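Per-entry structural report
What follows is each chain in one-letter form.
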Amino acid sequence: MQQTNSIIRAFTLLEILKKESDETHKLSQKQLLALLQKRDGSCTEKTLRTDLRNLMGILNPPSSEYEDRKEDFRIIYDGIEEERGRMTGIRYIHEFSNDDLELLLELVQTCTEIGDEERGKIIGNLKKLGSGNYTYNMESIKGIPEYSTMNTVCLRRTLRAAGAAIRQNRRLSFVFNKYDRNGRLVPARDDRYEVNPYYVVKYGVRYYLLASHEESEKIYIYRMDLMTDAELMEEERTSVRRIRELRHSDAMEYMERHLHMYYDEPRTVVMRLHRSVYTRFHDSFGGNYTLVRAVDEEHDEVKVFCSENAIVNWAIQNSEDVEILRPESARKKIQEKAEALLRKYSKKS
């Protein structure tokens, strides 16, 4: 019976430490004793000292290794009182810091792929990983809604199937869909798609599959929320070493060269930028560009390596501040698009 009481007392002590202390909130042995006695009147200063040291012996590495393994210690204290030998500044170090939890909570709060009920459940479970002293202000952070009829259950199935195919080096079969005028997903064609899957990437709020067709060296990109009925095929996929754009790079490098997930061949593009556009430029290209020269006091010449179709559309969106200088093929595409718009908007509606 005495051993049972000791175990219950130790669990109660651990629960109090987790709830009432953290990296910035410390407790004295006197405070701990008062909190324990509210739940277990039989607890004394002597049993507290014993239970506390037993817990530390179980949860912490040897004290001699503290300097080398600080991150592995769960219960720590500042020092020992000289007169009564009490520990001071006792706290439980949670596996996730308050900053870590805040970041995770923000990610869940702004995730548009889960429903309100599931979001609330996940947020509640995450908060339990921290102490009761920290207030997480989540009401001021909201995710921008995505206007689609995305079926998250179906998306998860597709993600699992694609992940399994990639791990097992198998081909993947699926139905690829599009939205009709009523906002419903309908097959884009009668036949199923059969591809060699290589990477699943997340770009913005959407997942995409990077894949090739049969023996082709070209990469194709599929929006995974438009894919349904995904199944692994028996055939092995074509080796990634045979795919020109992935042979010596990974998914991140591929995405940096294909703005907005355009999958045409990347090219070197030289542009003249007004310096006021650099914020928008960095939003799209980060640091993946070369500053060639200063043209004048307001303009720079820069060089990027990316999808030509993507840069053409980006340049049109920012046409007041951007001019593509080279290649000529990109300039011609912009000219053709501009002429088509002029013809369209010159007509009387």
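In short, a report on the structure. (Residues numbered from 1 in each chain as written. Predicted model: local features only at pLDDT ≥ 70, side-chain atom pairs only at ≥ 80, totals over all residues. Heavy atoms only, no water.)

Focus: the layout of surface pockets
In this structure, the largest pocket encloses a volume near 240 Å³. Forming the walls of the largest pocket are Arg53, Met56, Gly57, Asn60, Pro61, Ser63, Tyr66, Phe73, Ile75, Ile76 and Tyr77. Top element by residues in the lining of the largest pocket is helix α3 (residues 45–59). It accounts for three residues. Looking at side-chain class alone, the lining of the largest pocket contains seven nonpolar, three polar and one charged residues. (1 Å grid on protein atoms, 1.4 Å probe; cavity = no way out; pocket = protein on both sides within 12 Å on 5 of 7 lines; lining within 4 Å. Points joined across faces, edges and corners; volume = space filled by probe spheres on them. Helix = DSSP H or I, 4+ residues; strand = E, 2+ residues; numbered from the N terminus. Nonpolar A, V, L, I, M, F, W, Y, C, P; charged D, E, K, R; others polar.)

Brief notes about unusual backbone geometry
Going from arginine 326 to proline 327, the amide bond is cis rather than trans, its omega being 5°. The backbone of asparagine 169 shows a phi angle near 55°, a positive value even though the residue is not glycine. Note on placement: asparagine 169 falls in the loop between α6 (152–167) and β5 (170–179). Given the relative accessible area of 36%, asparagine 169 is considered partly exposed. (Buried < 20%, exposed > 50% of the residue type's maximum accessible area, 1.4 Å probe, protein only.)

Focus on empty space enclosed by the protein
Over the atoms rolls a probe the size of a water molecule, and in doing so it shows where empty space is left. This structure, assessed with the given rule, holds one cavity of 30 Å³ or more. Along its surface, the largest cavity is lined by Asn151, Cys154, Leu155, Leu185, Met224, Asp225, Met227 and Thr228. Within the lining of the largest cavity, the residues separate by chemical class into five nonpolar, two polar and one charged.

Focus: the side chain of asparagine 177
Summarising the element assignment, asparagine 177 is placed in strand β5. One polar contact links the side chain of asparagine 177 to the main-chain carbonyl oxygen of leucine 226, over a distance of 2.8 Å. A distance of 3.0 Å separates polar atoms of two side chains, one belonging to asparagine 177 and the other to threonine 228. Setting aside anything within four residues of it in sequence, one finds asparagine 177 in contact with Leu185, Val186, Pro187, Ala188, Leu226, Met227 and Thr228. (Polar contact = N/O pair within 3.5 Å; in protein donor to acceptor, adjacent residues only side chain to side chain. Contact = heavy atoms within 4.5 Å.)

Digging into helix α5 (residues 116–127)
Given a rise of 1.5 Å per residue, twelve residues ought to cover 16 Å, and the 16 Å separating the end C-alpha atoms of α5 matches this to within 8%. By the burial criterion, the buried members of α5 are Arg119, Ile123 and Leu126. Within α5, the buried residues cover an arc of 60° as seen down the axis, which keeps them to one side. Exposed and facing more than 90 degrees away from the buried side of α5 are Glu117 and Lys121. (Expected span 1.5 Å × (residues − 1). Arc of directions from axis to C-beta.)

Function-wise, these values are silent; they only describe arrangement.
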